[in-house]
Amino acid sequence: MRPVPCGTGSPARETMAAKTDRAKASAILSPITRVLTVLVAALREIFDESAYERFLARSEVTSSPAAYNDFLREGETAKARRPRCC
Amino acid sequence: MNLFSPQYSPDPCYLMPKVLRVLLWTAISLLGAFALATVALHRGEQINAMWLVVAAVATYAVGYRFYSSFIAAKVLAIDPLRATPAERLDNGRDFVPTNKWVVFGHHFAAIAGPGPLVGPVLAAQFGYLPGTLWIIAGAVLGGCVQDFVILLFSVRRDGKSMTEMAKTEIGKLGGFVSYVAVISIIIILLGAVALVVVNALKSSPWGTFTIAMTMPIAVLMGLYLRRIRPGKVLEASVLGFVLVLAAIFGGQWVSQSPSWAAVFTLSGATLAVLLIIYGFAASVLPVWLLLAPRDYLSTFVKLGTIALLAIGIVVLRPSLHMPPLTRFIDGTGPVFAGTVFPFAFITIACGAVSGFHSLISSGTTPKLIRHEPETRMVGYGGMLAESMVAVMAMIAASVLQPGVYFAVNSSAGLVGQAPETAAATITAWGFPVTAAEMASLAHAVGEQTLFNRTGGAPAFAVGMANIFSNSLGGQAVMALWYHFAIMFEALFILTVLDAGTRVGRFMLQDALGYIWKPLGRTSWYPSILITSGLMVAAWGYFLWQGVKDPLGGINSLWPLFGICNQLLATVALCVATTIIIKMGRARYVLVTLIPLGWLVAVTFTASYHKVLNANPRIGFLAHARQLANAGADTRLIFNDRLDAAVAGVLVVLVAVVLIESALEWTRVLSGRKAAEVREAPFVMTRLALEEQP
């Protein structure tokens, strides 16, 4: 909470002001956060991090070199068959 | 409003009052029309690159907002209530319902390769106008339509591939021709792009060292991912990128050290052999060791550099020195021979219309789509983004002085080996350049020479270095920018090479499995070695012929690749047209029939010229005759005849598909055959209802 100088108003009014400030800040940040969230999600999908997480959840194992090995083995053929355009 | 809801409109003006929306879109349309008119009609003084950007962005916006929504609503009758295969067959592996922005990024990363950078740079020999107009119009009316409709049709058929759809919708012959077209395009594409790398790296110790370093860096990334931080791909890619930047700095030192520079100064032939060995090794080594980490690294650099180039062009707003039209529209161009029609339209395939995209749109992408309406943004929108990359490449080539552009892109066989002779020839064409000017530019970018660096990559790199060095670091760091651009292009060309060799290998194994079953077993090592060897030998042969070609190789290989790519697009549009007719939407068939007709005109005319034109610089057979009369090496004569045979056979096969498709349309339209749509049965979506705000 921001420091409040003396004589600026009652505690209730100060709380209201702080709430309004927070609401304004989140209104500004919300679209930016949303864009960043989607951007990170896209990068994680492109770089197969999400696929690995899904694999861990599906196999009910935790991340380890052995689990990553299994993940790579499972997706090897699909990855190698994925065309890359010109 | 929920961003991920199917009801969410991608149009940010959705919530505006109607009057404001009409006013806004009228303003965007007028701005686009004015910018296009300026680009098309401006003569004399230099034009600012922003005119091209504004013309493209405004046209794309109008095309996306109106044309793609018309196609979605009227032609395809997209149904938001229909469950996609990602929802119905969700297995957390191949079929995964994924957020549309994530699928968009995934799709864009798969379709954007070296093509939209190299093609426009080569086509800039006609001036910036023909290529720019084709990129914009071709994408909005052709390429985006193809990607969108094929994606939707694949979604409605449980993610079936293009070749499978061709087989079920047109007939067995359609499937066979698609298969042949795909394998041919992969072979010729790999030969052509490998030649681009060879021409960019020959006699360049700095560039060769940097690219050589990317291989141990990729292996290091693979080991890091497997042993140290399993699955942390973004982290490993950032690490790899930092190491690649260190390699670019190290390359400068290598190029200045007499002993190390000698080690990394390689001829075209040596580089070709090394690339062939690399392609074979990458195909037979485990995916995790080389292919996967290189793919990650290349994607990371690609996305970053494209964003950087876009920001650079918008912030710096460079002027174009290339005229809108050059004298070479008459077909006498030094970069490649042939008149503006049809050759501008096959030189720029990726960025306008690319048949290869139909493979991506019917590959991984349809298995990730969560709601049918999202195919519009991913298919149509993804291609618009690639088209924008092509416009940026055109700008990068056109900011160069035309004399410099032609000096870099003309082969020694045409302008002469000696710098003074080459400069005099190019100046005589009306594009002044001096040997001293070229020597100074070569010195600034850390190269021994920039003459005869055909292939498009060096010209693009000089253009990009030119744009960035004007503000970020000045002339002092021009060499670093140049080598960064060369690394960026070569890196993802090598990724296309190793991924393409593997994809081709699997296709060959699938086909050979019909002849002898063990050959179809993808994990049987003798089969892997044989099919990898066959694939590498096939594209390696085209690469070798390009390296040995006295006209520089690109003159024959790039048009051949363009023809193959556009012929594949012709097959894809035949499939799309057939399905539209069978859906009972024949009144909207012009949506695919117009681009199909245009591509038939372009590819068939180009093939005719490449095979039968009497000018030896254009026609393969005329060139073979000229070589035979001069008593040249028989291998060179054979190469020309082989190129002619490839173009001829492909055109005949695609003509057969066209005829078969036309017969199928007639049968369905006349009622002689029932219009049978082979879609997966309708299942009501649960996801759309669950995601209601």
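Every chain is numbered independently, its residues counted from 1 as its sequence is written. Think of it this way: whatever chain is written first is A, whatever ligand is written first is 1, and the rest follow in order. At least 70 in pLDDT is required for a residue's local features to be given in this predicted model, at least 80 for side-chain atom pairs to be given and counted, and no such filter applies to totals for whole chains, interfaces and linings, which use all residues.

### Side note on the overall build of chain B
Then comes step 1: Only DSSP runs of H or I reaching four residues or more are called helices, and only runs of E reaching two or more are called strands; each is numbered from the N terminus. In terms of helices and strands, chain B carries 28 helices and 2 strands.
Then comes step 2: Relative to the 2.2 N^0.38 estimate, which gives 26 Å for 693 residues, the radius of gyration of chain B is 25 Å and therefore close to what a compact globule would have.
Then comes step 3: Viewed in the frame of its principal axes, chain B has a C-alpha envelope of about 70 × 65 × 60 Å. Note on method: radius of gyration uses C-alpha positions; expected globular size equals 2.2 Å times residues raised to 0.38.

### A few points about the overall build of chain A
Then comes step 1: Broken down by element type, chain A carries 3 helices and 0 strands.
Then comes step 2: Scanning chain A from its N terminus toward the C terminus, one meets helices and strands in the order α-α-α.
Then comes step 3: Residue burial here comes from a neighbour count, namely the number of other C-beta atoms, placed from the backbone, that lie within 10 Å of the residue's own C-beta, with 20 or more meaning buried, 12 or fewer meaning exposed, and in between meaning partly exposed. Across the 86 residues of chain A, 21% fall into the buried class.

### A closer look at helix H17 (residues 402-409) of chain B
Then comes step 1: Most of H17 of chain B is tucked away: 8 of the 8 residues are buried.
Then comes step 2: In this description, a residue-residue contact is defined by the distance between C-beta atoms placed from the backbone, which must lie within 7 Å. Each element contacted by the buried residues of H17 of chain B is listed here: helix H16 (374-398), helix H19 (419-428), helix H20 (435-444) and helix H21 (457-469) of chain B.

### Re the nonpolar core
Nonpolar side chains tend to gather and get buried jointly when the protein is soluble and globular.
Then comes step 1: Core analysis: the largest hydrophobic core is formed by 242 residues, its most contacted members being Val193, Val197, Ala407, Phe460 and Val571 of chain B.
Then comes step 2: For this core, the leading source of residues is helix H22 (residues 478-515) of chain B, giving 20 residues.
Then comes step 3: Setting aside chain neighbours within four positions, we find Val193 of chain B in contact with Cys86 of chain A together with Pro114, Ile493, Val496 and Leu497 of chain B. In these notes, a nonpolar core means any group of buried Ala, Val, Leu, Ile, Met, Phe, Trp, Tyr and Cys residues linked to one another through C-beta atoms within 7 Å.

### Some remarks on the interface of chain A and chain B
Then comes step 1: Taken together, the contact between chain A and chain B spans 32 residues of the former and 48 residues of the latter.
Then comes step 2: For the side of chain A that touches chain B, the secondary structure elements donating two or more residues are helix H1 (11-46), helix H2 (49-59) and helix H3 (65-81) of chain A.
Then comes step 3: With 11 residues, the top contributor of residues to the side of chain A that touches chain B is H3 of chain A.
Then comes step 4: For this scheme, ten residues count as nonpolar: Ala, Val, Leu, Ile, Met, Phe, Trp, Tyr, Cys and Pro. Four count as charged, namely Asp, Glu, Lys and Arg, and the remainder, Gly too, count as polar. Residues that form the side of chain A that touches chain B fall into these classes: 16 nonpolar, 4 polar and 12 charged.

### Looking at the packing of helix H8 (residues 172-201) of chain B against helix H24 (residues 554-582) of chain B
All names here are of chain B.
Then comes step 1: Viewed as axis vectors pointing N to C, H8 and H24 meet at an angle of 150°, and their least axial separation amounts to 9 Å. Classed by the angle they form, the pair H8 and H24 counts as roughly antiparallel. Seen along the crossing, H8 lies across H24 with a hand that is left-handed. Contacts from Val177, Ser178, Ala181, Val182, Ser184, Ile185, Ile188, Leu189, Gly191, Ala192 and Leu195 of H8 reach H24 at Ile554, Leu557, Trp558, Leu560, Phe561, Cys564, Asn565, Leu567, Leu568 and Val571.
Then comes step 2: Grouping the amino acids of the contact of H8 with H24 by side-chain chemistry returns 17 nonpolar, 4 polar and no charged. Axis definition: a line fitted to C-alpha atoms, limited for helices to the stretch in contact. Angles are taken between N-to-C directions and run from 0 to 180 degrees. For this classification, under 35 degrees means roughly parallel, over 145 means roughly antiparallel, 65 to 115 means roughly perpendicular, and everything else is oblique. Here a crossing is taken to be left-handed if its near helix is turned anticlockwise relative to the far helix by less than a right angle, and right-handed if that turn runs clockwise.

### With respect to unusual backbone geometry
Residues and elements named next belong to chain B.
Then comes step 1: Cis rather than trans, the peptide bond between Phe341 and Pro342 has omega equal to 10°.
Then comes step 2: The topology assignment puts Pro342 in helix H14 (residues 340-347).
Then comes step 3: Unlike most non-glycine residues, Ala77 shows phi in positive territory, near 45°.
Then comes step 4: Along the polypeptide, Ala77 turns up in the loop between helix H2 (49-75) and helix H3 (85-88).
Then comes step 5: Phi angles above zero are rare outside glycine, and Ser203 is one such case at about 55°.
Then comes step 6: Along the chain, Ser203 falls in the loop between H8 and helix H9 (205-228).

### Considering the packing of helix H7 (residues 162-169) of chain B against H24 of chain B
All names here are of chain B.
Then comes step 1: Contact geometry of H7 with H24 gives a least axis separation of 10 Å together with a crossing angle of 50°. Between H7 and H24, the crossing angle belongs to the class labelled oblique. The element H7 and its partner H24 pack so that their crossing is left-handed. Contacts between H7 and H24 involve Met162, Met165, Ala166 and Glu169 on the former and, on the latter, Val571, Ala572, Val575, Thr578 and Ile579.
Then comes step 2: Tallied by class, the residues present in the contact of H7 with H24 amount to 7 nonpolar, 1 polar and 1 charged.

### Details of the environment of Trp134 of chain B
Residues and elements named next belong to chain B.
Then comes step 1: Looking at the element boundaries, Trp134 is found in helix H6 (residues 128-155).
Then comes step 2: By the C-beta count within 10 Å, which is 26 here, Trp134 ends up buried.
Then comes step 3: When the C-alpha positions of Trp134 and Leu201 are compared, they lie 30 Å apart, and in sequence the two are 67 residues distant.

### Points about the confidence of the model for chain A
Then comes step 1: One number per residue, pLDDT, summarises how confident the predictor is, and it ranges from 0 to 100. When pLDDT is averaged along chain A, the result is 77; 81% of the residues meet or exceed 70.
Then comes step 2: Of the regions scoring below 50 in pLDDT, residues 1-8 of chain A engages in 4 contacts with residues more than four places distant in sequence or in other chains.

### Considerations on helix H5 (residues 115-123) of chain B
The α-helix winds at 3.6 residues per turn, so residues separated by three or four positions along the chain end up facing the same way.
Then comes step 1: Most of H5 of chain B is tucked away: 9 of the 9 residues are buried.
Then comes step 2: Where H5 of chain B is concerned, the buried positions are Gly115, Pro116, Leu117, Val118, Gly119, Pro120, Val121, Leu122 and Ala123 of chain B.

### Topic: the confidence of the model for chain B
Residue and element names in this part refer to chain B.
Then comes step 1: Averaged over every residue, the pLDDT of chain B is 91; residues scoring 70 or more account for 97%.
Then comes step 2: Predicted confidence is poor over residues 1-9, with pLDDT under 50, and the contacts of this stretch with residues over four places away or in other chains come to 18 contacts.
Then comes step 3: Reported for the predicted complex are a pTM of 0.89 and an ipTM of 0.71.

### Section: the environment of Asn409 of chain B
All names here are of chain B.
Then comes step 1: By the secondary structure assignment, Asn409 is in helix H17.
Then comes step 2: In this structure, the C-alpha to C-alpha distance between Asn409 and Gln125, residues 284 residues apart in sequence, is 9.0 Å.
Then comes step 3: With near-sequence residues (within four places) excluded, Asn409 lies in contact with Gln125, Val335, Thr454 and Ala459.

### Describing the environment of Ile28 of chain B
Residues and elements named next belong to chain B.
Then comes step 1: Tracing the sequence through the fold places Ile28 in helix H1 (residues 18-41).
Then comes step 2: With 33 residues separating them in the primary sequence, Ile28 and Ala61 have C-alpha atoms 8.0 Å apart.
Then comes step 3: Beyond its immediate chain neighbours, meaning those up to four positions away, Ile28 contacts Ala58, Ala61 and Val62.

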